[in-house]
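Listed below are the residues making up each chain.
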Amino acid sequence: MADCRPCEYVMRKILMDCDVGTDDAIAITAALFTEDAEVVAVTAVFGNTFVERTARNALNLVRHLGSSVPVAVGASAPLKDRGNIKPDVSHGESGLGTVTLPDCGGSFHSLNAPAAIYEAAVKASGELEIIATAPLTNIAMAFLLYPELPSMIRGLYIMGGAIDGGNMTRTAEFNTWNDPEAARIAFSSGAPCFMTGLDVTRNTILNEDDARAVRGVGTKAALVVADILDFMFARRDAGGEDAIMHDALAAASALCPGCVEFREYYVDAECEGRYTFGHTFVDTRGRTGNKPNVNVAVASSLPTFKRWLLECIERSARV
Ligand code: RIB
Ligand code: CA
């Protein structure tokens, strides 16, 4: 389709760091077809399942959707491996629930994830935006290996943490619980951080009407997302998690203007607490005296999110 934008228009450059994962897959699909942005790389990390599976899931997904974006393999364990990581069984054995994607048989990026992140930042000349929807191990490793990298990042949009509550424990969210040291490094890196936590994602739930609207678009992207949603509905009906769009909302926080409202606070990750391990401490009262370092999501618009997601899927029919 002829691009009717002025020739000086520059597409935003997006890197997705994910543990594909059902909701990660929806986030990647939306990002691939969102307006005004190009996914320049995908990096895989452990989390919802083992990195061998999250990487293969990511590669099969993007190739199935017609994208040649490189997929790099990343960390298989947290920075400080306490031997306590376990896959999130709510995504099923494969990580994609009951959804099976064709095995593209393709190969991964020749670089590992941290190197691929740095390469993407260099190529984007300081304009790279990262959407991280998994334990932050790859991001932290990249920041440790390339100390200048945080200053080369235009935005680091994180699905993780919470001001209040948790889903791995009562006080910790799954991604930050899986690597709190990495979260601490990301929050204190100096890169512009935007944290979309459970406070807003727990209310971002899709229903059967939404799935029917998506499926009606009829493209491969539409069918993948609708099939994932149907898996989530069956999981919900069996007493499991609802069709919560944790990762897609984090993607929307970067790509959908007006979807998520942020407020700046000082944030750190708890790396030692017996009962609070993995907790994201958000200094909403300014009591620490520390300078705010993270933009924390405090509100979101479900109608705006749903409209954006459907528009992305509908755009997959026009490319
Ligand atoms: O807590 C929600 C997060 O954990 C999401 O990123 C989901 O994919 C799981 O990884
Ligand atoms: Ca995830």
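Here is what the cut-offs are and how they apply
- Residues numbered from 1 in each chain as written.
- Chains lettered and ligands numbered in written order.
- Predicted model: local features only at pLDDT ≥ 70, side-chain atom pairs only at ≥ 80, totals over all residues.
- Heavy atoms only, no water.
- Donors = N, O, S within 2.8 Å, 3.2 Å for Na, K, Ca; no water.
- Buried < 20%, exposed > 50% of the residue type's maximum accessible area, 1.4 Å probe, protein only.
- Helix = DSSP H or I, 4+ residues; strand = E, 2+ residues; numbered from the N terminus.
- Contact = heavy atoms within 4.5 Å.
- Expected span 1.5 Å × (residues − 1).
- Core = buried A, V, L, I, M, F, W, Y, C linked by side-chain atoms within 4.5 Å.
- Axes fitted to C-alpha atoms, helices over the stretch in contact; angles between N-to-C directions.
- Parallel < 35°, antiparallel > 145°, perpendicular 65-115°, else oblique.
- Nonpolar A, V, L, I, M, F, W, Y, C, P; charged D, E, K, R; others polar.

Here we take up the coordination of the calcium ion (ligand 2). Note on metal geometry: ideal angles are 109.5 degrees for four donors arranged tetrahedrally and 90 or 180 degrees for six donors arranged octahedrally. Distances from the calcium ion (ligand 2) to its protein donors, Asp19 (OD), Asp24 (OD), Asp24 (OD), Thr133 (O) and Asp247 (OD), fall at 2.2 to 2.6 Å. We classify Asp19 as buried; its relative accessible area is 1%. Judged by its relative accessible area of 2%, Asp247 falls in the buried class.

Below, the discussion takes up helix α4 (residues 137-145). Every buried residue of α4 is listed here: Thr137, Asn138, Ile139, Ala140, Ala142 and Phe143. On its buried side, α4 packs onto β1 (12-18), β2 (37-44), α3 (113-123), β4 (128-133), β5 (153-159) and α6 (180-187).

Here we take up helix α11 (residues 302-315). With 14 residues, α11 should cover 20 Å at 1.5 Å per step; its first-to-last C-alpha distance of 20 Å lies within 8% of that length. What α11 keeps buried is the set Thr304, Phe305, Trp308, Leu309, Cys312, Ile313 and Arg315. Contacts made by the buried residues of α11 are with α1 (22-33), α8 (208-215), α9 (220-237) and α10 (246-255).

Met16, Leu229, Phe305 and Trp308 are the most contacted members of the largest nonpolar core, which totals 59 residues. Elements with a minimum of two residues in this core: β1, α1, β2, α2 (51-64), α8, α9, α10 and α11. If you tally residues by element for this core, the top one is α9, at 10 residues. Beyond its immediate stretch of four places on either side in the chain, Trp308 contacts Ala30, Thr34, Ala248, Ala251, Ala252, Leu255 and Cys256.

Okay, the packing of α1 against α10 next. Relative orientation of the contacting elements α1 and α10 amounts to 30°, with a least axis distance of 6 Å. When the axis of α1 is compared with that of α10, the two are roughly parallel. Where α1 approaches α10, its residues Asp23, Asp24, Ile26, Ala27 and Ala31 are matched on the opposing element by His246, Asp247, Ala248, Ala251 and Leu255. Among the residues forming the contact of α1 with α10, the class breakdown is six nonpolar, one polar and three charged.

What is shown is where atoms sit, not what they do.
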